[in-house]
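# Notes for the structure review
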Amino acid sequence: MSSPLSLNILLREFLQGRKLVPWRLVHDWKCQACGECCRRYVVELTPHEYARITQAYGYSRVKTSMGKLFLRRGPDGTCLFLYRLGDRALCGLQPIKPKACKLWPFQVFEQPPLTHPELSLYRYGRKEFHVFVVPECKGLIYGEPSPRLKEKILPEILEIKLGLRDRQLYSTSQLHPPILTF
């Protein structure tokens, strides 16, 4: 691994370029329940997620566009399932939350990036993955990876990505709203 100074320089380059940041530059992550992810990003659904959500909430909460399925957004641009609890923003879909939401702010790839693949490499079982974070997330703390990140969060993210796990423990806010009904 590179020296702390060179890692800091690399981190600065990733952040200034608004690029995905390799997990080895992240000390820890904890959801701040700020709701930025629900404001900024459009969530694509799998057919199974689409069916579960429409069965529970109806077709008015989802949409199709160019052959893809999405969660519908409100007039203010936020996800319709964003639930406010004081200054916290929570997911009203918690029991059937889409995989894309569960993985946020992590992105997992099987192919290595063109530069610095050693910083994103994560071995899970016998497979190699390349794990990054979206730098806009407010819950990220940069630095030497913590045991919590390496031993709890990243394995959970990979298990969710691979369909081995559905329920989140470490990779979500610890606050949960009541289930929304419309």
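Residues numbered from 1 in each chain as written. Predicted model: local features only at pLDDT ≥ 70, side-chain atom pairs only at ≥ 80, totals over all residues. Heavy atoms only, no water.

## Notes on the environment of Tyr-83
Here is the rule we go by: The way it works is that DSSP assigns letters per residue, a run of H or I at least four long becomes a helix, a run of E at least two long becomes a strand, and they are numbered from the N terminus.
Mapping Tyr-83 onto the fold places it in strand S6 (residues 82–85). When the C-alpha positions of Tyr-83 and Leu-93 are compared, they lie 9.3 Å apart, and in sequence the two are 10 residues distant.

## Remarks on the packing of aromatic side chains
To keep it simple, the criterion reads: Here a pair means two rings of Phe, Tyr or Trp (six-membered ring of Trp) with centres within 6.5 Å. Their orientation is stacked below 30 degrees between planes, edge-to-face above 60, and tilted elsewhere. The cut-offs for exposure are 20% and 50% of the maximum accessible area for each residue type, with area from a 1.4 Å probe on protein chains only; residues under the lower value are buried, those over the upper are exposed, and the others partly exposed.
This model, assessed by the stated rule, comprises six aromatic pairs. Ring plane angle 85 degrees and centroid distance 5.5 Å describe the contact between Trp-23 and Tyr-122, whose orientation is recorded as edge-to-face. Taken together, the positions of Trp-23 in the loop between strand S1 (21–22) and strand S2 (26–29) and Tyr-122 in strand S9 (residues 121–124) put the pair 99 residues apart, joining distant regions of the chain. Each member of the pair, Trp-23 as well as Tyr-122, is classed as buried. Between Tyr-50 and Tyr-59, the ring centres sit 6.3 Å apart and the planes meet at 55 degrees, which makes this aromatic pair tilted. Since its relative accessible area comes to 18%, Tyr-50 is described here as buried.

## Things to note about the pairing of strand S10 (residues 127–133)
Our working definition: We call two strands paired when DSSP finds no fewer than two bridges between them.
Taking burial as the measure, the seven residues of S10 include five buried ones, the bulk of the element. Note: S1 against S10, two bridges, orientation antiparallel. Along S10, the bridge assignment pairs Pro-22 with Phe-132. As paired elements, strand S8 (residues 106–109) and S10 share four bridges and run antiparallel to each other. Following the sheet pairing, Val-108 is matched in S10 by Val-131. Connecting S9 to the next strand, S10, in antiparallel fashion are two residues, including Gly-125 with a positive phi near 65 degrees.

## Considering the side chain of Ser-146
What counts is decided by this rule: Should any heavy atoms of two residues lie within 4.5 Å, those residues are considered in contact.
Within the secondary structure layout, Ser-146 lies in the loop between strand S11 (140–142) and helix H6 (147–161). Discounting chain neighbours no more than four positions away, the residues touching Ser-146 are His-27 and Asp-28.

## Let's talk about the confidence of the model for the chain
Note the cut-off: Per-residue confidence from the predictor is reported as pLDDT, which spans 0 to 100.
The share of residues in the chain with pLDDT of 70 or more is 93%, and the mean pLDDT across the chain is 89. The spread of mean pLDDT over the elements of the chain runs between helix H1 (residues 4–16), the lowest at 74, and H6, the highest at 97.

## Notes on the pattern of salt bridges
Note that side chains of opposite charge can pair when their charged atoms are close. This is how the line gets drawn: Whenever Lys or Arg places a side-chain nitrogen within 4 Å of a carboxyl oxygen from Asp or Glu, that contact is recorded as a salt bridge.
In total, this model carries eight salt bridges according to the counting rule given. We note a salt bridge from Arg-39 to Glu-36, for which the minimum N-O separation is 3.5 Å. One end of the pair, Arg-39, and the other, Glu-36, are both in helix H2 (residues 36–40), three residues apart, so they sit about a helical turn from each other. The residue Asp-166 makes a salt bridge to Lys-102 at a minimum N-O spacing of 2.7 Å. On the criterion of sequence distance, the pair formed by Asp-166 in the segment after H6 and Lys-102 in helix H4 (residues 99–103) is long-range, its members being 64 residues apart. On the accessibility criterion, Asp-166 (47% relative accessible area) is partly exposed. The exposure class of Lys-102 is buried, given its relative accessible area of 5%.

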